[in-house]
Amino acid sequence: MNKFERSDGEAVVQYLDSNLRVIKPGAFVRCAVTGEPIPLDELKYWSVELQEAYASPEAVMRRITGQSPSTKG
């Protein structure tokens, strides 16, 4: 991922095979499973096919298996 100018809001990103294309600059994207914000410089997991970002490998597995997110207590 190349460095780019960021703003404070949510970014709009196109997820590519080995990179990202920032459509609208922002500080973060949201996990498609948990809804938590993911800072762009920490984003490691996404789906090119679904065009979704994931906060963790566990979130990826929940999406793949169709499991509901567990609540943290």
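Residues numbered from 1 in each chain as written. Predicted model: local features only at pLDDT ≥ 70, side-chain atom pairs only at ≥ 80, totals over all residues. Heavy atoms only, no water.

Draft legend 1. Representation of the overall build of the protein. Within the protein one finds one helix and six strands. Each helix and strand of the protein, ordered N terminal to C terminal, gives the series β-β-β-β-β-β-α. In the protein, buried positions account for 27% of the 73 residues. A sequence separation of at least 24 residues applies to 25% of the contacts in the protein between residues at least 6 apart. Looking at the protein as shown, the accessible area adds up to about 5,200 Å², and 47% of this sits on carbon and sulfur atoms. (Helix = DSSP H or I, 4+ residues; strand = E, 2+ residues; numbered from the N terminus. Buried < 20%, exposed > 50% of the residue type's maximum accessible area, 1.4 Å probe, protein only. Contact = heavy atoms within 4.5 Å. Areas by Shrake-Rupley, 256 points an atom, 1.4 Å probe, with all protein chains shown as cover.)

Draft legend 2. Molecular detail of unusual backbone geometry. With phi around 55 degrees, Gln51 is a residue other than glycine that occupies positive phi space. With respect to the helices and strands, the residue Gln51 is situated in the loop between β5 (45-47) and β6 (52-54). For Gln51, a relative accessible area of 35% translates into the label partly exposed.

Draft legend 3. Summary view of the nonpolar core. Grouped together as the largest cluster of nonpolar side chains are 13 residues, with contacts concentrated most on Val13, Tyr15, Val29, Ile38, Leu40, Leu43 and Ala53. Breaking this core down by element, the ones donating at least two residues are β1 (12-15) and β6. (Core = buried A, V, L, I, M, F, W, Y, C linked by side-chain atoms within 4.5 Å.)

Draft legend 4. Examining the pattern of salt bridges more closely. Overall, the coordinates contain two salt bridges when judged by the stated rule. The shortest N-O distance in the salt bridge between Glu10 and Arg30 comes to 3.6 Å. Note that Glu10 is positioned in the segment before β1 and Arg30 in strand β3 (residues 28-30), a separation of 20 residues in sequence. Taking relative accessible area as the criterion, Glu10 reaches 35% and is therefore assigned partly exposed. Residue Arg63 is joined to Glu52 by a salt bridge in which the shortest nitrogen-to-oxygen separation is 3.0 Å. Taken together, the residues span a long stretch of sequence, with Arg63 in helix α1 (residues 57-65) and Glu52 in strand β6 at a distance of eleven residues. When its relative accessible area of 18% is taken as the criterion, Glu52 is described as buried. (Salt bridge = Lys/Arg side-chain N within 4 Å of Asp/Glu carboxyl O.)

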